[in-house]
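# Topology and contacts: notes
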Amino acid sequence: MEIGEWKKAEIGDLTVIGYVSRTGCYHSQIELAIVGRIIKDELIWGTPTKLLFEEHRLKPIGTLLDDIQDKTALIDLALMTKDKEWFEELTGGLKSGVSWSSH
């Protein structure tokens, strides 16, 4: 598992999504920066919150973000999480007139 990978995890009947922010934590757990939760098939964004998970509880998100949210919300999330590479991927660099430095 690599830092920056997007994962989802089940917490009871709640699904959370986030990115790996640290590996090799307490008892070899993975730290996930949770940025959203899914409630009744609706994705709700939030301020990143870090939680520890055992690696086997984290699953790849696949196309989940694309399936649930439009690209504008993903761009906002890339800005919020300061993920410049993902931001540039979503906006096609500076072609769209949106600049990383302007946010």
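Definitions and cut-offs
Residues numbered from 1 in each chain as written. Predicted model: local features only at pLDDT ≥ 70, side-chain atom pairs only at ≥ 80, totals over all residues. Heavy atoms only, no water. Helix = DSSP H or I, 4+ residues; strand = E, 2+ residues; numbered from the N terminus. Buried < 20%, exposed > 50% of the residue type's maximum accessible area, 1.4 Å probe, protein only. Contact = heavy atoms within 4.5 Å. Axes fitted to C-alpha atoms, helices over the stretch in contact; angles between N-to-C directions. Parallel < 35°, antiparallel > 145°, perpendicular 65-115°, else oblique. Left-handed = near helix turned anticlockwise from the far one by under 90°. Nonpolar A, V, L, I, M, F, W, Y, C, P; charged D, E, K, R; others polar. Pairing = 2+ DSSP bridges.

### Topic: the side chain of Thr81
One can find Thr81 in the loop between α2 (71–80) and α3 (84–91). We classify Thr81 as buried; its relative accessible area is 14%. Thr81 has contacts with Tyr19 and Val35, leaving out every residue within four places of it along the chain.

### Things to note about the packing of α2 against α3
Running from amino to carboxyl end, α2 crosses α3 at an angle of 155°, the nearest separation of the two axes being 8 Å. Judged by the angle between their axes, α2 and α3 are roughly antiparallel. For the element pair α2 and α3, the recorded crossing hand is left-handed. Seen from α2, the contacting residues are Lys71, Leu74, Ile75, Leu77, Ala78 and Leu79; seen from α3, they are Trp86, Phe87, Leu90 and Thr91. Here the contact of α2 with α3 is built from residues that sort into 8 nonpolar, 1 polar and 1 charged.

### Let's talk about α2
Where α2 is concerned, the buried positions are Ala73, Leu74, Ile75, Leu77, Ala78 and Leu79. Downstream of α2 by one or two residues, Lys82 has phi in the positive range, about 60°.

### Section: the sheet that holds strand β4 (residues 42–53)
Strand pairing in a sheet takes place through backbone hydrogen bonds and is either antiparallel or parallel in direction. Ordered by their spatial adjacency, 5 strands build an open sheet running β4-β3-β2-β1-β5, and the pairing between neighbours is antiparallel. Each edge of the open sheet carries a strand with a single partner, namely β4 and β5 (59–60). Contacting β1 (6–11), β3 (30–39) and β4, α2 crosses the sheet at an angle of about 30° to β4.

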